[in-house]
Amino acid sequence: MNIVGVDLGGTYVKIGLVDSKNGKILKKSSIETKVELGGQEVVKRIANAILELTEGTDYHAVGIGSPGSIDKENGIVRFSPNFPDWHNFPLGSLLSELLGKNVYVENDANSFALGEKWFGAGIGKNHIVALTLGTGVGGGVISHGTLITGSTGIGAELGHVIINPNGPLCGCGNYGCLESYASATAIVRMATERKKKFPDSIIFKNEKVTAKAVFDAARDGDRLALMLRDEVVEALAIGITGFVHIFNPEVVIIGGGVSRAGDILFEPLRKRVNELVMPTFKDTFEIIQSPLVENAGILGAASIVLQREN
Ligand SMILES: [Zn+2]
(Lines give C-alpha, C1' and ligand atoms only; values in the text may rest on other atoms or scores of the structure.)
Protein backbone atom coordinates (compact mmCIF):
# COMPACT_ATOMS: atom_id res chain seq x y z
CA MET A 1 0.00 0.00 0.00
CA ASN A 2 1.29 3.46 -0.90
CA ILE A 3 0.80 6.45 1.36
CA VAL A 4 1.53 10.12 0.79
CA GLY A 5 3.48 11.78 3.60
CA VAL A 6 3.48 15.58 3.79
CA ASP A 7 6.07 17.32 5.94
CA LEU A 8 4.60 20.80 6.26
CA GLY A 9 7.20 23.37 7.25
CA GLY A 10 7.10 27.13 7.51
CA THR A 11 9.34 27.51 4.45
CA TYR A 12 9.07 24.26 2.50
CA VAL A 13 6.56 21.45 2.10
CA LYS A 14 8.18 18.09 1.46
CA ILE A 15 5.99 15.43 -0.06
CA GLY A 16 6.77 11.76 -0.50
CA LEU A 17 5.04 8.68 -1.86
CA VAL A 18 5.88 5.97 0.64
CA ASP A 19 5.60 2.21 0.37
CA SER A 20 4.09 1.37 3.76
CA LYS A 21 5.54 -2.15 3.77
CA ASN A 22 9.15 -1.06 4.06
CA GLY A 23 9.16 2.73 4.39
CA LYS A 24 10.78 3.15 1.02
CA ILE A 25 10.20 6.59 -0.48
CA LEU A 26 9.22 5.85 -4.06
CA LYS A 27 9.07 9.47 -5.18
CA LYS A 28 9.41 12.81 -3.48
CA SER A 29 9.13 16.49 -4.19
CA SER A 30 9.42 19.78 -2.39
CA ILE A 31 7.58 23.05 -2.88
CA GLU A 32 7.79 26.40 -1.16
CA THR A 33 5.05 26.81 1.44
CA LYS A 34 4.38 30.48 0.65
CA VAL A 35 2.45 31.10 3.85
CA GLU A 36 1.83 34.68 2.72
CA LEU A 37 -0.64 33.44 0.08
CA GLY A 38 -3.05 32.33 2.81
CA GLY A 39 -4.16 28.93 4.05
CA GLN A 40 -6.58 28.05 1.23
CA GLU A 41 -3.93 28.71 -1.38
CA VAL A 42 -1.29 26.73 0.54
CA VAL A 43 -3.65 23.74 0.62
CA LYS A 44 -4.31 24.05 -3.12
CA ARG A 45 -0.59 24.11 -3.81
CA ILE A 46 -0.08 21.01 -1.67
CA ALA A 47 -2.95 19.22 -3.45
CA ASN A 48 -1.48 20.05 -6.86
CA ALA A 49 1.95 18.85 -5.79
CA ILE A 50 0.43 15.57 -4.55
CA LEU A 51 -1.50 15.09 -7.80
CA GLU A 52 1.67 15.70 -9.78
CA LEU A 53 3.73 13.34 -7.63
CA THR A 54 1.19 10.51 -7.72
CA GLU A 55 0.26 10.78 -11.38
CA GLY A 56 -0.22 7.27 -12.72
CA THR A 57 0.05 5.61 -9.28
CA ASP A 58 -2.66 4.96 -6.76
CA TYR A 59 -2.27 5.78 -3.10
CA HIS A 60 -4.33 4.99 -0.04
CA ALA A 61 -4.37 8.15 2.09
CA VAL A 62 -2.40 11.23 3.15
CA GLY A 63 -0.67 11.98 6.45
CA ILE A 64 0.44 15.52 7.29
CA GLY A 65 2.89 16.47 10.00
CA SER A 66 2.33 20.11 10.88
CA PRO A 67 3.95 22.37 13.45
CA GLY A 68 1.69 23.77 16.13
CA SER A 69 -1.32 22.71 18.12
CA ILE A 70 -3.41 20.18 16.21
CA ASP A 71 -6.96 18.93 16.72
CA LYS A 72 -6.14 15.54 15.29
CA GLU A 73 -9.67 14.14 15.42
CA ASN A 74 -10.84 16.82 13.02
CA GLY A 75 -7.61 17.56 11.18
CA ILE A 76 -7.63 21.16 12.36
CA VAL A 77 -4.59 23.34 13.00
CA ARG A 78 -5.68 25.27 16.09
CA PHE A 79 -2.70 27.58 15.94
CA SER A 80 0.87 27.37 14.78
CA PRO A 81 3.78 29.74 15.33
CA ASN A 82 4.84 29.00 11.73
CA PHE A 83 1.46 29.99 10.28
CA PRO A 84 0.39 33.07 12.25
CA ASP A 85 -2.86 33.52 10.30
CA TRP A 86 -4.09 29.97 10.82
CA HIS A 87 -6.61 29.84 13.62
CA ASN A 88 -8.69 26.67 13.73
CA PHE A 89 -7.75 26.08 10.13
CA PRO A 90 -9.39 22.91 8.69
CA LEU A 91 -6.28 21.66 6.91
CA GLY A 92 -7.34 18.00 6.79
CA SER A 93 -10.85 18.45 5.41
CA LEU A 94 -9.82 21.04 2.81
CA LEU A 95 -7.11 18.79 1.43
CA SER A 96 -9.36 15.75 1.64
CA GLU A 97 -12.01 17.53 -0.47
CA LEU A 98 -9.49 18.41 -3.15
CA LEU A 99 -7.98 14.93 -3.34
CA GLY A 100 -10.92 12.66 -2.54
CA LYS A 101 -8.77 10.72 -0.04
CA ASN A 102 -8.62 10.43 3.72
CA VAL A 103 -6.21 12.97 5.23
CA TYR A 104 -4.80 12.64 8.75
CA VAL A 105 -3.07 15.53 10.54
CA GLU A 106 -0.70 15.31 13.48
CA ASN A 107 1.78 17.57 15.22
CA ASP A 108 5.19 17.26 13.55
CA ALA A 109 7.12 16.19 16.66
CA ASN A 110 4.52 13.50 17.36
CA SER A 111 4.73 12.36 13.77
CA PHE A 112 8.51 12.15 14.13
CA ALA A 113 7.95 9.72 17.02
CA LEU A 114 5.52 7.68 14.91
CA GLY A 115 7.96 7.61 12.00
CA GLU A 116 10.58 6.09 14.30
CA LYS A 117 8.08 3.51 15.55
CA TRP A 118 7.04 2.39 12.08
CA PHE A 119 10.21 2.86 10.05
CA GLY A 120 13.12 3.89 12.26
CA ALA A 121 14.90 3.07 15.50
CA GLY A 122 11.62 2.23 17.22
CA ILE A 123 10.51 -0.69 15.06
CA GLY A 124 9.11 -3.42 17.28
CA LYS A 125 9.10 -1.14 20.31
CA ASN A 126 6.07 0.13 22.20
CA HIS A 127 7.73 2.57 24.59
CA ILE A 128 9.52 5.40 22.83
CA VAL A 129 10.59 8.89 23.79
CA ALA A 130 11.47 10.94 20.72
CA LEU A 131 13.15 14.34 20.66
CA THR A 132 13.86 16.55 17.67
CA LEU A 133 16.62 19.08 18.13
CA GLY A 134 16.13 21.70 15.44
CA THR A 135 15.12 25.35 15.46
CA GLY A 136 13.21 24.35 18.58
CA VAL A 137 13.05 21.14 20.60
CA GLY A 138 10.07 18.93 19.82
CA GLY A 139 8.93 15.89 21.73
CA GLY A 140 6.81 12.84 21.13
CA VAL A 141 6.05 9.96 23.47
CA ILE A 142 4.72 6.53 22.63
CA SER A 143 3.66 4.46 25.61
CA HIS A 144 2.20 0.94 25.30
CA GLY A 145 2.19 1.54 21.53
CA THR A 146 0.00 4.63 21.83
CA LEU A 147 0.95 8.22 21.17
CA ILE A 148 0.55 10.17 24.41
CA THR A 149 -1.03 13.52 23.65
CA GLY A 150 -3.00 14.41 26.77
CA SER A 151 -6.51 15.74 27.31
CA THR A 152 -6.45 18.46 24.68
CA GLY A 153 -3.92 16.86 22.36
CA ILE A 154 -1.01 19.17 23.05
CA GLY A 155 0.95 17.08 25.57
CA ALA A 156 4.51 15.76 25.39
CA GLU A 157 5.99 19.24 25.02
CA LEU A 158 9.31 17.78 26.12
CA GLY A 159 11.25 20.80 24.86
CA HIS A 160 9.56 23.04 27.40
CA VAL A 161 10.41 21.07 30.48
CA ILE A 162 12.30 23.50 32.70
CA ILE A 163 15.87 22.35 33.24
CA ASN A 164 17.07 25.41 35.13
CA PRO A 165 14.66 28.09 36.40
CA ASN A 166 17.57 30.57 36.37
CA GLY A 167 18.46 29.69 32.80
CA PRO A 168 18.06 31.61 29.55
CA LEU A 169 14.75 33.04 28.37
CA CYS A 170 12.88 30.57 26.17
CA GLY A 171 10.64 31.45 23.22
CA CYS A 172 7.66 30.28 25.30
CA GLY A 173 8.24 32.98 27.92
CA ASN A 174 9.67 30.74 30.64
CA TYR A 175 13.31 30.52 31.69
CA GLY A 176 15.64 27.60 31.27
CA CYS A 177 13.51 25.20 29.18
CA LEU A 178 15.33 22.31 27.51
CA GLU A 179 14.75 24.16 24.23
CA SER A 180 16.70 27.16 25.52
CA TYR A 181 19.81 24.94 25.79
CA ALA A 182 19.55 22.17 23.23
CA SER A 183 17.97 23.67 20.11
CA ALA A 184 20.17 24.77 17.22
CA THR A 185 18.97 28.31 17.92
CA ALA A 186 20.10 28.07 21.55
CA ILE A 187 23.50 26.64 20.64
CA VAL A 188 24.12 29.51 18.21
CA ARG A 189 23.00 32.01 20.85
CA MET A 190 25.26 30.51 23.54
CA ALA A 191 28.23 30.55 21.18
CA THR A 192 27.62 34.13 20.03
CA GLU A 193 27.29 35.36 23.63
CA ARG A 194 30.81 34.16 24.32
CA LYS A 195 32.48 35.52 21.20
CA LYS A 196 34.07 38.39 23.13
CA LYS A 197 35.66 36.04 25.64
CA PHE A 198 36.77 33.48 23.07
CA PRO A 199 37.44 35.53 19.93
CA ASP A 200 39.94 32.97 18.61
CA SER A 201 37.60 30.00 18.77
CA ILE A 202 37.35 28.22 15.42
CA ILE A 203 33.57 28.42 15.80
CA PHE A 204 33.91 31.99 14.55
CA LYS A 205 36.09 31.12 11.56
CA ASN A 206 33.07 31.61 9.30
CA GLU A 207 30.96 34.70 9.64
CA LYS A 208 27.79 32.73 10.31
CA VAL A 209 27.79 30.77 13.55
CA THR A 210 25.91 27.46 13.28
CA ALA A 211 25.28 24.52 15.61
CA LYS A 212 27.16 22.35 13.13
CA ALA A 213 30.20 24.66 13.37
CA VAL A 214 30.11 24.28 17.17
CA PHE A 215 30.16 20.47 17.02
CA ASP A 216 32.76 20.42 14.24
CA ALA A 217 34.95 22.65 16.39
CA ALA A 218 34.35 20.43 19.43
CA ARG A 219 35.60 17.48 17.39
CA ASP A 220 38.78 19.48 16.75
CA GLY A 221 39.21 20.07 20.48
CA ASP A 222 38.20 23.75 20.48
CA ARG A 223 37.86 24.89 24.11
CA LEU A 224 34.71 27.00 23.76
CA ALA A 225 33.06 24.40 21.55
CA LEU A 226 33.69 21.66 24.10
CA MET A 227 32.32 23.89 26.86
CA LEU A 228 29.15 24.49 24.84
CA ARG A 229 28.87 20.80 23.99
CA ASP A 230 29.07 20.00 27.71
CA GLU A 231 26.29 22.48 28.49
CA VAL A 232 24.05 20.99 25.80
CA VAL A 233 24.80 17.48 27.08
CA GLU A 234 24.06 18.44 30.69
CA ALA A 235 20.70 20.00 29.81
CA LEU A 236 19.71 17.08 27.59
CA ALA A 237 20.84 14.60 30.23
CA ILE A 238 18.73 16.26 32.93
CA GLY A 239 15.72 16.32 30.61
CA ILE A 240 16.14 12.75 29.38
CA THR A 241 16.69 11.44 32.91
CA GLY A 242 13.30 12.88 33.82
CA PHE A 243 11.67 11.37 30.73
CA VAL A 244 13.22 7.98 31.52
CA HIS A 245 11.91 8.13 35.09
CA ILE A 246 8.42 9.09 33.92
CA PHE A 247 7.96 6.90 30.84
CA ASN A 248 10.39 4.02 31.34
CA PRO A 249 11.05 3.88 27.59
CA GLU A 250 12.89 1.18 25.69
CA VAL A 251 14.50 3.82 23.49
CA VAL A 252 15.11 7.53 23.52
CA ILE A 253 15.47 8.54 19.89
CA ILE A 254 17.00 11.89 19.04
CA GLY A 255 16.63 13.50 15.62
CA GLY A 256 16.72 16.94 14.04
CA GLY A 257 19.71 18.85 12.70
CA VAL A 258 21.60 18.94 16.01
CA SER A 259 21.50 15.12 16.28
CA ARG A 260 23.76 14.92 13.24
CA ALA A 261 26.62 15.95 15.54
CA GLY A 262 26.84 12.19 16.18
CA ASP A 263 29.25 10.67 18.70
CA ILE A 264 30.66 13.96 19.95
CA LEU A 265 27.17 14.57 21.36
CA PHE A 266 25.82 11.07 21.94
CA GLU A 267 28.75 9.45 23.75
CA PRO A 268 28.95 11.94 26.63
CA LEU A 269 25.14 12.13 26.68
CA ARG A 270 24.74 8.37 27.20
CA LYS A 271 27.37 8.44 29.92
CA ARG A 272 25.78 11.37 31.76
CA VAL A 273 22.22 10.01 31.62
CA ASN A 274 23.52 6.72 32.93
CA GLU A 275 25.04 8.57 35.90
CA LEU A 276 21.82 10.45 36.62
CA VAL A 277 19.14 7.77 36.37
CA MET A 278 18.06 5.80 39.42
CA PRO A 279 19.87 2.46 39.65
CA THR A 280 16.75 0.45 38.74
CA PHE A 281 16.58 2.25 35.40
CA LYS A 282 20.14 1.54 34.37
CA ASP A 283 20.42 -0.53 31.17
CA THR A 284 16.64 -0.47 30.65
CA PHE A 285 16.86 1.92 27.69
CA GLU A 286 19.06 3.04 24.83
CA ILE A 287 19.73 6.54 23.52
CA ILE A 288 19.84 6.37 19.74
CA GLN A 289 20.49 8.87 16.97
CA SER A 290 17.55 8.91 14.53
CA PRO A 291 18.42 6.81 11.48
CA LEU A 292 15.79 8.48 9.29
CA VAL A 293 17.81 11.66 8.73
CA GLU A 294 16.35 13.91 6.01
CA ASN A 295 13.44 11.54 5.35
CA ALA A 296 12.20 11.70 8.96
CA GLY A 297 9.55 14.31 8.12
CA ILE A 298 7.99 12.43 5.19
CA LEU A 299 8.16 9.01 6.85
CA GLY A 300 6.75 10.43 10.07
CA ALA A 301 3.84 11.95 8.17
CA ALA A 302 3.15 8.66 6.34
CA SER A 303 3.20 6.84 9.69
CA ILE A 304 0.30 8.94 10.95
CA VAL A 305 -1.93 7.04 8.51
CA LEU A 306 -0.61 3.66 9.68
CA GLN A 307 -1.00 4.56 13.35
CA ARG A 308 -4.57 5.86 12.97
CA GLU A 309 -5.78 2.98 10.85
CA ASN A 310 -4.26 0.23 12.97
ZN1 LIG B 1 10.03 27.01 26.73
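Just so it is clear, the model here is predicted, and its values are computed rather than measured.

Undergrad: I keep staring at the sheet that holds strand E9 (residues 137-143) and nothing clicks. Help me out?
TA: Strand pairing in a sheet relies on backbone hydrogen bonds, with the paired strands running either antiparallel or parallel. Taking strand neighbours across the sheet as the criterion, the five strands line up as E10-E9-E8-E11-E12 in an open arrangement whose pairing is mixed. Of all the strands in the sheet, the pair left with one neighbour each is strand E10 (146-147) and strand E12 (286-289).

Undergrad: How do you make sense of the coordination of the zinc ion when you look at a structure like this?
TA: In an ideal octahedron of six donors the angles at the metal are 90 or 180 degrees, and in an ideal tetrahedron of four donors they are 109.5 degrees. Protein-derived coordination of the zinc ion comes from His-160 (ND1), Cys-170 (SG), Cys-172 (SG) and Cys-177 (SG), at a distance range of 2.0 to 2.3 Å. For the zinc ion, the four donor atoms in the first shell make angles of 105 to 120 degrees at the metal, so the coordination geometry reads as tetrahedral. Expressed as a motif, the donor residue spacing for the zinc ion is H-x9-C-x1-C-x4-C.

Undergrad: Looking at this structure, how should I read unusual backbone geometry?
TA: Of all residues except glycine, most have a negative phi; of all peptide bonds, most are trans. We note that His-144 has phi near 50 degrees; this positive angle belongs to a residue other than glycine. Structurally, His-144 can be placed in the loop between E9 and E10. The backbone of Ala-156 sits at a positive phi, close to 60 degrees, despite the residue not being glycine. Taking the relative accessible area as the measure of exposure, Ala-156 reaches 18% and is therefore buried.

Undergrad: How should I be thinking about the pairing of strand E3 (residues 24-32) in this particular structure?
TA: Along any regular strand, the residues point their side chains to alternate faces of the sheet. In this sheet, E3 lies alongside strand E2 (residues 12-19) in antiparallel orientation, the contact comprising eight bridges. Note that in E3 the partner of Val-13 across the bridge is Ile-31. In textbook terms, the turn of a hairpin is the stretch between consecutive antiparallel strands, and for E2 and E3 this stretch comprises four residues, one of which, Gly-23, has a positive phi near 70 degrees.

Undergrad: Is there a simple way to explain the nonpolar core in this structure?
TA: Across soluble globular proteins, you tend to see nonpolar side chains buried next to one another. Ile-203, Leu-236 and Ile-240 are the most contacted members of the largest nonpolar core, which totals 47 residues. Broken down by secondary-structure element, the contributors of at least two residues to this core are strand E8 (128-133), E9, helix H4 (179-182), helix H5 (184-193), helix H6 (211-219), helix H7 (223-247), strand E11 (251-255) and helix H8 (263-276). Counting residues per element, this core draws most heavily on H7, at eleven residues. Among the nonpolar cores identified, the runner-up in size contains 29 residues, and Val-35, Ile-46, Val-62 and Val-105 belong to it.

Undergrad: Explain the domain arrangement of the protein to me, please; I cannot follow it from the model alone.
TA: The accessible area lost on association of the parts is a frequent measure of interface size. When cut into domains, the protein gives domain 1 (2-114 + 295-309) and domain 2 (124-291). Centre-to-centre separation of domain 1 and domain 2, based on C-alpha positions: 27 Å. Contacts between the two partners involve eleven residues from domain 1, matched on the other side by 18 residues from domain 2. Each partner contributes to the roughly 990 Å² buried at the junction of domain 1 and domain 2, and carbon and sulfur atoms together form 62% of this total. Broken down residue by residue, the surface that domain 1 buries against domain 2 is led by Asn-110, Phe-112 and Ala-113, which jointly contribute 51%. The interface formed by domain 1 and domain 2 includes zero salt bridges. Applying the counting criterion to the domain 1 and domain 2 interface returns two residue pairs in polar contact (both at pLDDT 80 or more). Secondary-structure elements contributing two or more residues to the side of domain 1 that touches domain 2 are strand E5 (69-71) and helix H3 (108-119). No other element matches the five residues that H3 contributes to the side of domain 1 that touches domain 2. For the side of domain 1 that touches domain 2, the class distribution of residues is five nonpolar, three polar and three charged.

Cut-offs applied
- Residues numbered from 1 in each chain as written.
- Predicted model: local features only at pLDDT ≥ 70, side-chain atom pairs only at ≥ 80, totals over all residues.
- Heavy atoms only, no water.
- Pairing = 2+ DSSP bridges.
- Helix = DSSP H or I, 4+ residues; strand = E, 2+ residues; numbered from the N terminus.
- Donors = N, O, S within 2.8 Å, 3.2 Å for Na, K, Ca; no water.
- Tetrahedral: all angles 85-135°; square planar, octahedral: opposite > 155°, others 65-115°.
- Buried < 20%, exposed > 50% of the residue type's maximum accessible area, 1.4 Å probe, protein only.
- Core = buried A, V, L, I, M, F, W, Y, C linked by side-chain atoms within 4.5 Å.
- Domains from an automatic or database assignment.
- Contact = heavy atoms within 4.5 Å.
- Buried area = accessible area lost by both parts, 1.4 Å probe.
- Salt bridge = Lys/Arg side-chain N within 4 Å of Asp/Glu carboxyl O.
- Polar contact = N/O pair within 3.5 Å; in protein donor to acceptor, adjacent residues only side chain to side chain.
- Nonpolar A, V, L, I, M, F, W, Y, C, P; charged D, E, K, R; others polar.

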